[in-house]
Amino acid sequence: MKNYTYILTLISVVSLSAQVYNVKDFGAINDGKKLNTKAIQKAIDLCTKNGGGRVELTGGGKYMTGTLYLKSNVTLYIDNGTVLLGSPDYDDYTTDTYKNMYKNEPHMNRCLIFAKDAKSIAIDGYGTIDGNGYHSNFKKKRPMLLRFLNCDNIHVNDITLINPAAWTSAWLYCNNISISGITILSRVNNNGDGLDFDGCTNVRVTNSNFDNSDDSICLQASQPDKPCKNVTVSNCVFSTKWGGMRIGLLSRGNIESVTVTNCIFKDIQDSGLKIQQNEGGEMKNMTFSNLVMENVPRPIFMTFCKQRASVEVPEGEYEPLKRMHNFMFSNIIVDNSKGDKNSAFFITGFPNHYIEDVTIKDVQFIVSGGGTKKEAKHKVKEYSLDVLKGWWPEFSKVGPLPAFGIYARHIDGLVLDNISVKTLTKDERKVVVLSDVKNKSIRDIKAIQKKM
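One structure accompanies this document, and this report is about it. (Residues numbered from 1 in each chain as written. Predicted model: local features only at pLDDT ≥ 70, side-chain atom pairs only at ≥ 80, totals over all residues. Heavy atoms only, no water.)

## Examining the pattern of salt bridges
Right, so step 1: Tallied over the entire structure, the rule returns 18 salt bridges.
Right, so step 2: In this structure, Lys446 engages Asp444 in a salt bridge whose closest nitrogen and oxygen atoms are separated by 3.2 Å.
Right, so step 3: Residue classification places Asp444 among the partly exposed residues on the basis of a relative accessible area of 39%.
Right, so step 4: A single network of salt bridges, built from pairs that share partners, joins Asp215, Arg246, Asp270, Lys274, Arg298 and Glu394. (Salt bridge = Lys/Arg side-chain N within 4 Å of Asp/Glu carboxyl O. Buried < 20%, exposed > 50% of the residue type's maximum accessible area, 1.4 Å probe, protein only.)

Here it is in structure tokens:
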């Protein structure tokens, strides 16, 4: 009996020590109409002041709010069936939530949830955060959903993020990020990126689903002294209007030590993996394995060229190119039988700036075919500033391709091994076209063409 009483007392003490703050107790109403910004923020502020705990949104319904500031030692818990709803009024989003780091995009500076210099923060609970970002609410000025700046030890688990007016999230110069079991649905407005990690370290993304109007996951480095490194992505499913994963563009700092494995890419308009070094940093040491892609025109799209991406670099100035090296792609199945004829692995360095040490092996690739003799002779343009004219190095600037399987240019150290490419219609182009490729090893390339 004494032991039983002790256990009950211990449970009581533990329960009291786990501080829970229900936003209803602070005046929040889940009717989807009342603006609850002050009530929810009051709960967050009291929670962090008292040493931390959990701020709860429960009871179903929709709690509408403007900008919220998430603070140290606070878990924002959104219960199953409950929605945190962004206000449709742009003026309900504050102006002190930092900025978007890309040039020409100040219209995305505001956001719904913001954290700065916070430690040990979390969002979870099987509920939904809805940005309410429809064109009818936000046309030119469009707030992001989440932005975290200089934060440490962040967890986002089992939450659904939908309808942002711009990016779903921006993570700037943060450390120790764990994201698991989330779903992102971002199709109601433009630039609907999923997870954008800028200068972040020790990042883990697992068991998640993405359906975006722009790149699903981005790895970036907008500051020379803030590398993006130690990133793992696994067991995820990507569908997007643009790129499954984009690594680079913003690349003033180093981007390195990245692994992507056991992922599915489906119905992607542009490319599965977009790896692009532009601005003064070094990109290196990345592996991509056990991937299945369906209806993805360019499974791998790599470019090394000079372009200004950062808002902090003056117009007309370009940073010197460093190195882009050590990439491994293996165990990949691609079915592009429904795609256009320019479905291929496309890798291009720049004259006198080679992409170094690239391996592609153990690939099964199905393409539609249909390339002509004229296209087989096409000379692919260089990604010069005159060709780009201020735009990103996208495929549309240099296509079409003279190959139906792999096109590689300005590479030093290329291994192609055990690659099978099957066309569903006759193609007059070569399966592999190499231009200015040094130190190469090519073995066991199978081209299986349907005969007309």
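## Observations regarding a nonpolar patch on the surface
Right, so step 1: A cluster of nonpolar residues, Val237, Ile264, Val292 and Ile333, forms a patch on the protein surface that exposes about 290 Å² of accessible area.
Right, so step 2: Mapped onto the elements, Ile264 comes out in strand β24 (residues 255–268). (Patch = residues over 30% accessible without salt bridge, like charges linked within 9 Å, V, L, I, M, F, W, Y side chains within 5 Å. Areas by Shrake-Rupley, 256 points an atom, 1.4 Å probe, with all protein chains shown as cover. Helix = DSSP H or I, 4+ residues; strand = E, 2+ residues; numbered from the N terminus.)

## Quick look at helix α2 (residues 37–49)
Along an α-helix, residues three or four apart share an orientation, since each turn contains 3.6 residues.
Right, so step 1: The terminal C-alpha atoms of α2, which comprises 13 residues, lie 18 Å apart, in line with the 18 Å expected from a rise of 1.5 Å per residue.
Right, so step 2: All buried positions along α2 are accounted for by Thr37, Ala39, Ile40, Gln41, Ala43, Ile44 and Cys47.
Right, so step 3: Looking one or two residues beyond α2, the residue adopting positive phi is Gly51, at roughly 100°. (Expected span 1.5 Å × (residues − 1).)

## Here we look at the state of the cysteines
Right, so step 1: Applying the stated criterion across every chain yields a total of zero disulfides.
Right, so step 2: Here Cys218 is not cross-linked by a disulfide; its sulfur's nearest cysteine counterpart is in Cys228, at 10 Å.
Right, so step 3: Accessibility expressed as a relative area gives 2% for Cys218, which makes it buried.
Right, so step 4: In this model Cys263 remains outside any disulfide bridge; the closest cysteine sulfur is found in Cys236, 4.9 Å from its own. (Disulfide = S-S within 2.5 Å.)

## Some thoughts on unusual backbone geometry
Right, so step 1: Between Gly399 and the following residue, Pro400, the backbone shows a cis peptide bond with an omega angle of 5°.
Right, so step 2: Here Pro400 shows up in the loop between α4 (385–388) and β31 (403–423).
Right, so step 3: With phi around 70°, Tyr126 is a residue other than glycine that occupies positive phi space.
Right, so step 4: Within the secondary structure layout, Tyr126 lies in the loop between β9 (119–124) and β10 (128–130).
Right, so step 5: Given a relative accessible area of 53%, Tyr126 falls into the exposed group.
Right, so step 6: Even without being glycine, Asp362 reaches a positive phi, approximately 55°.
Right, so step 7: With respect to the element layout, Asp362 can be found in strand β30 (residues 355–367).

Nothing here speaks to function; it is all geometry.
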